Structures are given as C-alpha cells and as structure tokens.
2 protein chains.
Amino acid sequence: MVFVLYGNIMATHTRLVYICAQEMGLVGTPAFELRNVDWSEILYPKDGFDYDKSPFKRIPWFEDTENGVRLFESRAIVKYMAMKINSPPIPRYDDPVDVANFEVACSLELGDFTTYTKMLLYELVHGSMAHQKPTDEHLAKSYRETLTRNFEGYERILSKQRYLAGDKLSVVDLFHIPSALWLAMVGGIPALGEGTLPFTKSDGSDGTLPIPKSADRTWPLPQTADGTLPFPHLREWWNSLMELESVRKVNGQFIEIMQNMRGPHRAEGHGEEEAK
Amino acid sequence: MVFVLYGNIMATHTRLVYICAQEMGLVGTPAFELRNVDWSEILYPKDGFDYDKSPFKRIPWFEDTENGVRLFESRAIVKYMAMKINSPPIPRYDDPVDVANFEVACSLELGDFTTYTKMLLYELVHGSMAHQKPTDEHLAKSYRETLTRNFEGYERILSKQRYLAGDKLSVVDLFHIPSALWLAMVGGIPALGEGTLPFTKSDGSDGTLPIPKSADRTWPLPQTADGTLPFPHLREWWNSLMELESVRKVNGQFIEIMQNMRGPHRAEGHGEEEAK
C-alpha cells in the first residue's frame with residue numbers, strides 16, 4: 001500500500017481525487033486505497049476532531065504510507081500522486097511553459113468555476129437537503145450570474161483548444177467534474193446538462209436521477225433566443241469529459257449509491273465540512 | 001527585456017504579480033517591465049477588446065519577449081517567472097512533497113481566502129466607489145462569515161508553522177496581500193488590521209489612509225469578549241508579511257497614488273474586469 005485516501009465517495013472532493021486516481025490507473029491496484037470516513041466522524045466526533053488530519057475539518061485527507069507524508073486539500077493530493085507515479089495528466093514540471101499553462105487553468109478552475117458551482121450547489125441542494133436551510137435565492141442568483149459571466153471566458157478558451165490547459169487532457173479538466181456534475185443533474189447548469197442524468201446501473205439497466213423538488217424553480221441559466229443551449233465549446237468539452245471511462249465509472253458508482261438511498265441527498269452535502 | 005507585465009498598479013492582481021516580482025528582485029532590472037494598461041482600454045475599448053490577450057478581459061496579462069510566451073492569470077505569471085529565473089520563493093519542482101505542501105497552500109489561498117476577501121472588498125469598497133452600487137449587506141454578511149470560519153483553519157496551520165506552505169516564505173504567502181490589505185485598510189478584517197494603515201510617504205513623512213465612509217457601518221468581524229483581536233498566529237503571520245521590504249515598497253507606492261487621487265477609490269475596483 002502506498003496511497004491512502006480518507007474520504008467518502010458521496011463527498012464532492014473525495015470524488016475529485018477518486019476520479020483522478022481512476023484516470024491515472026491507480027484504482028483497483030495495491031498502490032491505492034479509499035478508506036471510508038463516516039460523516040459522523042466529521043460532524044459528531046466522539047473524542048473531538050483531530051485537526052492534524054485536516055485543519056479545516058474537511059474530507060478527504062491523505063497519507064502516503066511509504067514515506068509518512070500526510071496531506072489535505074484534494075487538488076494537492078492529486079498533483080502529489082501524479083508526480084510520484086509520473087502520470088501523464090499533469091504538466092512536465094521541468095518545463096516552465098507547460099507548468100504555466102497548467103497553472104492558468106488551475107486558477108480558472110478553482111477561482112472562476114468550482115468556487116461558484118459549489119456555492120450554488122449548496123444553495124440548490126445541500127443546504128436544503130442536509131441542513132434544512134431553504135435556498136437563499138439572493139445568493140443563488142449572484143452565483144449563477146457570476147458563473148454565466150465566467151462561462152464566456154471558458155467558451156473563448158475552449159473554442160481554440162480542446163482542453164483547459166491546452167490540447168491534452170490534464171487533471172485540471174477532471175477537477176471541474178464533481179460539483180458541476182451534481183449541479184448539471186439538478187438542472188443548475190443547463191449549459192452542461194438538461195437536468196436529469198441518464199446512467200447505466202451495475203446490473204446493466206438504465207437509470208436516471210430525478211430532479212429534486214427544491215431545484216425546480218431555480219432552474220434556468222440564460223438560454224439563447226431560439227432555445228438552443230449557449231456555450232457550444234464548453235458543452236463539447238464537458239461532454240468529452242463525461243465520456244471518459246474513468247469518469248463514467250466513478251459517476252456511475254456515485255449515482256447508484258444515491259439512487260439507492262432513502263433520502264437521495266442525505267449523505268452528501270455537509271456544506272463546509274466536505275470541501276476542497 | 002524579458003518579462004513584460006501589462007497591468008495597473010491600482011488593480012489588485014497586477015499588484016499581486018508586482019509584489020512577487022519585487023520580492024524576487026526583478027523590479028528595477030532590465031528583465032522586468034510593468035507596462036501600464038489604462039482602465040479605458042478595458043472598460044471602453046475603442047476597437048473592441050482583444051480577448052487573445054486575456055479571455056476574461058482582466059488585467060494583468062503578460063509576455064515573455066524572449067520566447068513569445070503569453071500568459072494571463074496572475075498566480076500563473078508569478079510561478080512562470082519564478083521557475084524561469086529559479087527564484088527561491090517557489091517549491092523545488094523536482095520534489096513531490098515540497099510541491100504538494102505548496103499546492104495545499106495555493107488551494108487555501110485562492111479557495112478559502114482571496115475569493116472571499118475579493119468579493120467582500122467589492123461589496124464594501126469597489127462596488128460603491130466605482131460602480132455606484134450600494135453594499136449588498138446580505139452578500140457581505142455571507143462572505144464575512146465564511147472568512148471568519150476559514151481564518152480558524154489558517155490559525156490552526158499558522159500556529160504550527162511560520163508560513164502557509166511551511167517554515168519558509170513562498171509566493172503563496174504574498175498572494176494573500178493585495179485584496180486583504182485593501183480590506184484591512186477599510187476595516188473589513190479587524191483580525192488583520194485596525195482600519196487605517198500608517199505608511200511612510202516617499203518624502204519621508206507619515207501618512208495614513210482614512211477609512212472610506214461606506215465601510216464604517218460594515219466594520220466588525222467578531223472580536224473576543226475582552227476586546228482583543230482573535231487569530232493571534234494569523235495576525236503575526238500577516239504582520240511579518242507587512243514588514244517585508246518588497247511588500248512595504250509596493251504597498252507604499254499604491255497607497256501614495258491613492259492618497260493623491262481626488263476620489264480615493266475611483267481607479268481601483270473595476271469589479272470583475274480586474275480580477276485574478
């Protein structure tokens with residue numbers, strides 16, 4: 001055993017690492033293990049929470065058992081694993097230009113995309129489902145407006161190159177998926193999806209995820225006048241990510257767990273406790 | 001000439017790069033030039049804006065004239081310059097552990113700190129001063145609560161190590177400064193400053209920046225019951241950054257320009273146009 005990820009596949013940022021680990025070929029090998037952290041360990045720790053594991057009390061956290069290195073912050077964990085196994089979807093760290101283009105994309109992903117998909121997701125789904133806090137429409141409106149503005153920048157970039165850091169897939173593309181997939185499923189980002197996500201169950205039958213009631217009235221991002229969806233290149237990029245085998249596998253697992261839960265959103269969405 | 005930074009020292013993220021360039025010893029050498037971009041070029045471009053320079057229409061953008069590399073996103077520009085001149089305040093890119101600790105800090109800075117200082121700054125200062133938009137108290141409250149929560153994580157980390165990525169100063173510490181300094185000056189973050197910033201003018205006399213009226217009523221983050229300021233380690237870290245010669249120089253320049261302007265906030269704060 002080398003890499004141990006402590007988290008919960010229902011949590012957005014555990015999934016962020018897990019998707020990347022899957023894409024890097026680590027999942028299913030002895031070099032990687034996902035060790036489940038129960039929500040109660042985070043929310044109601046019996047003996048107090050050990051902040052040495054995660055100073056922000058968030059999952060996932062991580063240990064490399066080979067050298068005892070401990071990390072928190074999902075994106076840093078991914079970059080560490082990728083550097084250590086010399087995996088392709090990170091930049092060549094001996095090339096400042098390659099690193100810089102990757103870093104541009106990393107800034108956009110965290111600062112202009114996921115920050116807002118996460119906050120919007122909290123308002124549309126997690127807050128109401130997990131904490132009985134009604135959607136704050138004022139905040140949701142603000143996040144949605146910012147996202148729409150930022151999608152314009154994404155569209156400009158993705159109309160010229162296939163992926164966000166250039167013409168090659170990198171982990172930064174995958175970083176966008178977990179929170180945005182959730183949002184797309186509930187109809188929070190029409191540019192990325194129509195609001196129900198079809199998926200294949202492990203028994204081979206078709207499944208779809210219904211739209212939670214709370215999201216119904218918070219649906220639309222602007223559409224073009226003729227009803228077509230805006231941001232065609234962003235959409236094409238998104239669809240290409242959704243078709244990756246690694247992404248299909250992890251998303252399928254996640255959706256299936258959710259479909260099988262009594263209240264579909266109870267375990268996800270402990271707000272600030274399960275973050276980056 | 002090698003590195004050309006296109007921006008405006010009044011803009012938060014131009015200053016982010018400029019402070020780092022100063023710390024790396026680049027400012028004042030032939031290897032670095034700050035070329036001023038007038039706000040009108042961004043806001044009212046006569047022949048339309050050239051999005052190839054900056055797909056999000058933000059300053060700064062950047063060119064390395066030696067090899068023609070063009071970049072946008074301030075943090076990526078800093079990392080590129082530092083890698084190319086092999087400057088100390090970045091990690092050793094051949095060491096996954098050093099990179100990982102740095103990346104943890106980078107995620108915190110962008111995702112948990114500057115995102116919120118910037119949005120709060122916009123509500124308290126830039127929106128009202130530059131766009132005649134009154135402070136949205138609802139948004140400001142939400143950002144302030146998140147910042148306070150995140151400062152708790154910072155405090156835990158900085159009680160164990162001197163800087164955010166370890167015991168050595170790195171550029172990620174400097175990334176925190178521009179938006180937080182502004183906020184501290186207007187009293188938006190009592191944990192980091194009391195609301196007026198004393199500084200030394202270039203003629204050697206003392207100066208202070210007054211608190212803009214619009215910020216008066218949006219002052220407090222929580223204080224402890226005895227009136228002392230919370231987050232002692234965060235505060236110590238912040239003060240140590242403020243004492244760096246590079247930071248004093250750039251901040252002094254910035255404050256002096258502001259003091260000499262008729263309306264002290266007119267040129268800063270074109271909201272989304274001058275961002276990361």
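Thresholds, definitions, all that
Residues numbered from 1 in each chain as written. Chains lettered and ligands numbered in written order. Predicted model: local features only at pLDDT ≥ 70, side-chain atom pairs only at ≥ 80, totals over all residues. Heavy atoms only, no water. UniProt positions renumbered as here; feature names shortened; annotations may be inferred. Contact = heavy atoms within 4.5 Å. Buried area = accessible area lost by both parts, 1.4 Å probe. Salt bridge = Lys/Arg side-chain N within 4 Å of Asp/Glu carboxyl O. Polar contact = N/O pair within 3.5 Å; in protein donor to acceptor, adjacent residues only side chain to side chain. Helix = DSSP H or I, 4+ residues; strand = E, 2+ residues; numbered from the N terminus. Least-squares fit on C-alpha atoms with pLDDT ≥ 70 in both. 1 Å grid on protein atoms, 1.4 Å probe; cavity = no way out; pocket = protein on both sides within 12 Å on 5 of 7 lines; lining within 4 Å. Points joined across faces, edges and corners; volume = space filled by probe spheres on them. Core = buried A, V, L, I, M, F, W, Y, C linked by side-chain atoms within 4.5 Å. Buried < 20%, exposed > 50% of the residue type's maximum accessible area, 1.4 Å probe, protein only. Expected span 1.5 Å × (residues − 1). Phe/Tyr/Trp six-rings, centres within 6.5 Å; stacked < 30°, edge-to-face > 60°.

- As recorded by an unreviewed UniProt entry, chain A carries the name glutathione transferase and is attributed to Kwoniella bestiolae CBS 10118.
- UniProt annotates chain A under Catalytic activity (unreviewed entry) with the comment "RX + glutathione = an S-substituted glutathione + a halide anion + H(+)".
- What the UniProt record of chain A gives under Sequence similarities (unreviewed entry) is the line "Belongs to the GST superfamily."

## Comments concerning the interface of chain B and chain A
Inference 1: Between chain B and chain A, the residue contacts involve 46 residues of the former and 46 residues of the latter.
Inference 2: When chain B packs against chain A, close to 3900 Å² is buried across both sides, 68% of that on carbon and sulfur atoms.
Inference 3: Inspection of the region where chain B meets chain A yields six salt bridges.
Inference 4: A salt bridge links Lys79(B) to Glu103(A), with the shortest nitrogen-to-oxygen separation between them at 2.8 Å.
Inference 5: Our count for the contact surface shared by chain B and chain A stands at 10 residue pairs in polar contact (both at pLDDT 80 or more).
Inference 6: Elements with a minimum of two residues in the side of chain B that touches chain A: strand S4 (69-72), helix H3 (74-85), helix H4 (96-131) and helix H5 (137-158) of chain B.

## Digging into the relation of the copies chain B and chain A
Mapping between the two chain copies consists of a rotation about an axis together with a translation along that axis.
Inference 1: Expressed as a screw transformation, the operator carrying chain B onto chain A has a rotation angle of 180° and an axial translation of 0.0 Å, and the superposed copies differ by an RMSD of 0.0 Å. These values place the two chain copies in the arrangement generated by a two-fold rotation axis.
Inference 2: Interface overlap between copies: 100% of the residues of chain B at the interface are likewise at the interface in chain A, consistent with a symmetric, same-surface contact.

## Some remarks on empty space enclosed by the protein
Inference 1: On inspection of all chains with the given rule, the structure shows three cavities of 30 Å³ or more.
Inference 2: Lining of the largest cavity is provided by 15 residues; of these, Lys79(A), Cys106(A), Lys79(B), Glu103(B) and Cys106(B) occupy positions nearest its centre.
Inference 3: Those elements giving two or more residues to the lining of the largest cavity turn out to be helix H3 (74-85) and helix H4 (96-131) of chain A together with H3 and H4 of chain B.

## Quick word on the nonpolar core
Nonpolar side chains tend to gather and get buried jointly when the protein is soluble and globular.
Inference 1: Within the largest apolar cluster, 178 residues are counted, with the highest numbers of intra-cluster contacts made by Met81(A), Tyr154(A), Ile177(A), Met81(B), Tyr154(B) and Ile177(B).
Inference 2: With residues up to four places along the chain from it excluded, the contact list for Tyr154(B) reads Phe56(A), Leu108(B), Glu109(B), Phe113(B), Leu164(B), His176(B), Leu234(B) and Trp237(B).

## Some points on H3(A)
All names here are of chain A.
Inference 1: With 12 residues, H3 should reach 16 Å at 1.5 Å per residue; the first-to-last C-alpha distance of 17 Å fits that figure.
Inference 2: Taking burial as the measure, the 12 residues of H3 include 10 buried ones, the bulk of the element.
Inference 3: Those residues of H3 that sit buried are Ser 74, Arg 75, Ala 76, Ile 77, Val 78, Lys 79, Tyr 80, Met 81, Ala 82 and Met 83.
Inference 4: The first or second residue beyond H3 is Asn 86, which carries a positive phi of 55°.

## Considerations on the packing of aromatic side chains
Inference 1: Under the defined criterion, the tally for this structure stands at 27 aromatic pairs over all chains.
Inference 2: Ring geometry for Phe56(A) and Tyr154(B): centres 6.3 Å apart, planes at 80°, overall edge-to-face. Residue Phe56(A) is found in the loop between helix H2 (39-43) and strand S3 (61-64), and its partner Tyr154(B) is found in helix H5; the two belong to separate chains.
Inference 3: Looking at Phe56(A), the relative accessible area reads 10%, which means it is buried.
Inference 4: Of the residues examined, Tyr154(B) reaches a relative accessible area of 0% and is grouped as buried.
Inference 5: With a centroid separation of 6.3 Å and 70° between ring planes, the pair formed by Phe3(B) and Tyr80(B) is classed as edge-to-face. One end of the pair, Phe3(B), is in strand S1 (residues 3-7); the other, Tyr80(B), is in helix H3, and 77 residues separate them in sequence.

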